[in-house]
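Each chain, letter by letter, is given below.
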Amino acid sequence: MADPSEHDDVRGAGESAVGLISAVVGRDGLLEGLRLDPRALRLGSHDLAEQIVIAVRAAQHDLLDQIGDDGVEPSAPAGLEPETLMRRLDELEIQAERDFARLTSSLDETLRRLEER
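Source: prediction; values computed, not measured.

Draft legend 1. Seen up close, helix 1 (residues 45-67). Given a rise of 1.5 Å per residue, 23 residues ought to cover 33 Å, and the 33 Å separating the end C-alpha atoms of helix 1 matches this to within 8%. All of the buried residues in helix 1 are L48, A49, Q51, I52, V53, A55, V56, A59, Q60, L63 and I67. On its buried side, helix 1 packs onto strand 1 (12-15), strand 2 (21-25), strand 3 (31-36) and helix 2 (82-116). Backbone geometry just downstream of helix 1 places G68 in the positive-phi region, at approximately 115 degrees.

Here it is as structure tokens:
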């Protein structure tokens, strides 16, 4: 019988279409890491947010591909049902959009201050 803890390190990874942003999601679909190439900060706030969402979605799809067609990875706890995972991913997407809006607002403000100097 397989040890369930051996699948604890399952993660999804994805990049934006332009390759300036990469994201990593954990087994639960939650965002664990986000890397922004400094050149990404040259994008406008809307484009930056869009590229972040693309990277996170790619990471989530990578995770789903690793888990398998049935949505439950081998030896996964019974609580990780496909419907639950999809609902959590939808909730994460909504939260990520809010977080990205705050991030881009903050970046816009920082860029504005730098331009004033």
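Draft legend 2. Expanded view of the sheet that holds strand 3. Taken in spatial order, the 3 strands line up as 1-2-3 in an open sheet, and their pairing is antiparallel. Of all strands in the sheet, those with a lone pairing partner are strand 1 and strand 3, marking the two edges. Recorded for the sheet is a direction-independent mean angle of 15 degrees between the axes of neighbouring strands. When strand 1 meets strand 2, the two strands line up antiparallel, connected through 4 bridges.

Draft legend 3. Region of interest: the pattern of salt bridges. If you walk through the whole model with that rule in mind, you get 6 salt bridges. Across the pair E109 and R112 runs a salt bridge, and its minimum N-O distance is 2.3 Å. Placement of both E109 and R112 in helix 2 is noted, with a separation of 3 residues, approximately one turn of the helix. On the basis of relative accessibility, which here comes to 28%, the residue E109 falls in the partly exposed class.

Each value, and the rule that gives it
Residues numbered from 1 in each chain as written. Predicted model: local features only at pLDDT ≥ 70, side-chain atom pairs only at ≥ 80, totals over all residues. Heavy atoms only, no water. Helix = DSSP H or I, 4+ residues; strand = E, 2+ residues; numbered from the N terminus. Expected span 1.5 Å × (residues − 1). Buried < 20%, exposed > 50% of the residue type's maximum accessible area, 1.4 Å probe, protein only. Contact = heavy atoms within 4.5 Å. Pairing = 2+ DSSP bridges. Axes fitted to C-alpha atoms, helices over the stretch in contact; angles between N-to-C directions. Salt bridge = Lys/Arg side-chain N within 4 Å of Asp/Glu carboxyl O.

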